[in-house]
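If you want the building blocks of each chain, they are given just below.
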Amino acid sequence: MLHAAPDVRLETLLSKPKFTKALAGAPPAAIPNMNKVVTFVGAATDIPHCNARLRDAVLAGLDTETKPEFKRNAARNPVSLLQIAVRDAKGVEEVFVLDLLALAVDDYNEMLTELFCASDIIKLGQGLLGDLKELHEAYPAASCFRQMHSVVEANDILRTVIHHESMMSLQKIVYFCLKKKLVKTQQTSNWNRRPLTPAQLQYAALDALVLLWIYDELLRQIPSTFQMDAIWKSWDLSQKIELPCTKCGAVFDSDHALFSHSVSCSEAGRTHQCPRCPRRFKTDSALQQHSEHCMNKGGASMDIPKPVDDVPDPDECYCGRTLVDEKWNAGHPIHFMCASYQRFATLSPATKLYIWTCSDCAKVFDTPEKLLYHHGLCESTKATKTHVRFDSSPEATPKRKPENDARARKRTRFQRTASADFTESAEEESLWSEVSKWGNDLESEDTDASSYY
């Protein structure tokens, strides 16, 4: 298979518009001969065959699936599945999907202890330390989830090839290596349902199996002078885990915390300031891509905003968006929300532009739409919420029964991401339509189940 040059592919991965376009045209990754390759291990009688194949393995890819919990502050569900893709010395590959909810700890404890502690079997993963911690938390009686040796993270190999410190999602690594799309539609499905749907089984097995495939491709591109044991890791959860930042030396106890830090740690190199919002970028090309849609997705023009206390022009909101068509007039729900969120708005002394700050966690946003979206995600919300409530509107309409109301059905799409700050109204209906366009832009990077962009 012919691939584009690594630097061209890296540019695609780092540009959200380019990656989205490239992914749309890529063929989906799939497992040929699913029935022969994938085995669902849901009973103790399935363990002997699985154990024999794990003992023959020279390479193993590991991943987990957990039923998502959509209620804020709800306890995390226990890990439902453990997927293990193995390859033996003859190159034969097989995937075992272990049903941890159905199996007893004694069924798999000895088998997995042997696999996880084997120094001659490379364990491949993506955020595998986080998976191990979740397994240990969910099944504390299983001693197999306390240690893991000879671990190689996909991102660690990737960095030796692309010479870039970014942590990429598995979807991006698959595209980089295989030019294929890792379809994520089953990511937040109910992993506690039994039997799993064929689509769920394929998704779960593929997340583990692609680790073997990308390992092969990255090894072909890795410099011949590189020593693989330099990136091998061993974890013992009974001891303190320390993951250092390669830029500043700060130490963290989880890969998720390290990734979150790595984003802010690189801020020093973001010297290109957007003239319209507080965001900064490392390159001029990245700034140009951002400026094409910065605070301008609805088609409105951006002028320098007026002070909050100024009386807005009839054709202009204090947020800076002016009237360019009938949609963006001062009475539009977006600007009705701007007025309601005005107490969160402050003029940035650095950019002389308005920013909107969450009063609970102090996180800053460059539009009130993003602050609205964030209010449903904010984990620092106090008992007495300070979030804006739209208790009335100029054109309020009576509430309707949710089961017969298309507007209410649309509202349920945002229950994970927005707080209950609205009453039923014409403004609410239009506002939710607009908010949905801003939701994917809360972060500058793409995310998936691995928590890496």
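Up top is the structure these notes are about.
Source: prediction; values computed, not measured.

K.L.:
I keep staring at the overall build of the chain and nothing clicks. Help me out?
P.N.:
Each helix and strand counted, the chain has 15 helices and 14 strands in total. For the chain, the residues scored as buried account for 48% of the 453 residues in total. Taking the intrachain contacts of the chain between residues at least 6 apart in sequence as the baseline, contacts between residues at least 24 apart amount to 64%. Counting every atom, the chain has about 21,900 Å² of accessible surface; 52% of that belongs to carbon and sulfur.

K.L.:
Please clarify how empty space enclosed by the protein should be interpreted in this entry.
P.N.:
Empty space among the atoms becomes visible once a probe the size of a water molecule is rolled across them. Here the structure, examined in full by the defined rule, presents three cavities of 30 Å³ or more. Approximately 40 Å³ is the volume found for the second largest cavity. Around the second largest cavity sit Leu62, Asp63, Thr64, Leu82, Phe116, Leu128, Asp131, Leu132, Leu135 and Met148, which together line it. Broken down by secondary-structure element, the contributors of at least two residues to the lining of the second largest cavity are strand 2 (57–66) and helix 6 (128–138). Sort the elements by how many residues they give to the lining of the second largest cavity and helix 6 lands first, with four residues. Per-class residue counts for the lining of the second largest cavity are seven nonpolar, one polar and two charged.

K.L.:
I would appreciate a short explanation of the environment of Met148 in the present structure.
P.N.:
Here Met148 is to be found in strand 6 (residues 147–153). The spacing of Met148 and Ser234 is 86 residues in sequence and 5.7 Å in space, taken between C-alpha atoms. Those residues in contact with Met148, other than ones at most four positions away along the chain, are Leu62, Phe116, Lys123, Leu128, Leu132, Lys233, Ser234 and Trp235.

K.L.:
How do you make sense of the sheet that holds strand 4 (residues 93–99) when you look at a structure like this?
P.N.:
Note on sheets: strands pair through backbone hydrogen bonds, and any given pair is parallel or antiparallel. Strand order in the open sheet made by the seven strands is 1-4-3-2-5-6-7, with mixed pairing throughout. Each of the sheet's edge strands pairs with one partner strand only, and the pair in question is strand 1 (38–41) and strand 7 (233–236). Strand-to-strand, the axes of this sheet are offset by a mean angle of 30°, without reference to chain direction. Pairing between strand 5 (residues 122–125) and strand 6: three bridges, direction parallel. Note that in strand 6 the partner of Lys123 across the bridge is Val151. Helix 4 (residues 47–55) rests against strand 1, strand 2, strand 3 (79–88) and strand 4 of the sheet, and its axis sits at about 135° to strand 4. Each of strand 5, strand 6 and strand 7 touches helix 7 (residues 154–162); the most contacted strand, strand 6, lies at about 30° to it.

K.L.:
Would you mind going over the sheet that holds strand 13 (residues 354–357) with me for this structure?
P.N.:
A sheet is described by the order of its strands in space; here three strands give the open sequence 12-13-14, paired in antiparallel fashion. Edge positions in the sheet fall to strand 12 (345–347) and strand 14 (364–365), since each has one partner strand and no second. Sheet analysis places strand 13 next to strand 14, joined by two bridges and oriented antiparallel. Its bridge partner lying in strand 14, Thr357 is registered against Val364.

Cut-off values and rules
Residues numbered from 1 in each chain as written. Predicted model: local features only at pLDDT ≥ 70, side-chain atom pairs only at ≥ 80, totals over all residues. Heavy atoms only, no water. Helix = DSSP H or I, 4+ residues; strand = E, 2+ residues; numbered from the N terminus. Buried < 20%, exposed > 50% of the residue type's maximum accessible area, 1.4 Å probe, protein only. Contact = heavy atoms within 4.5 Å. Areas by Shrake-Rupley, 256 points an atom, 1.4 Å probe, with all protein chains shown as cover. 1 Å grid on protein atoms, 1.4 Å probe; cavity = no way out; pocket = protein on both sides within 12 Å on 5 of 7 lines; lining within 4 Å. Points joined across faces, edges and corners; volume = space filled by probe spheres on them. Nonpolar A, V, L, I, M, F, W, Y, C, P; charged D, E, K, R; others polar. Pairing = 2+ DSSP bridges. Axes fitted to C-alpha atoms, helices over the stretch in contact; angles between N-to-C directions.

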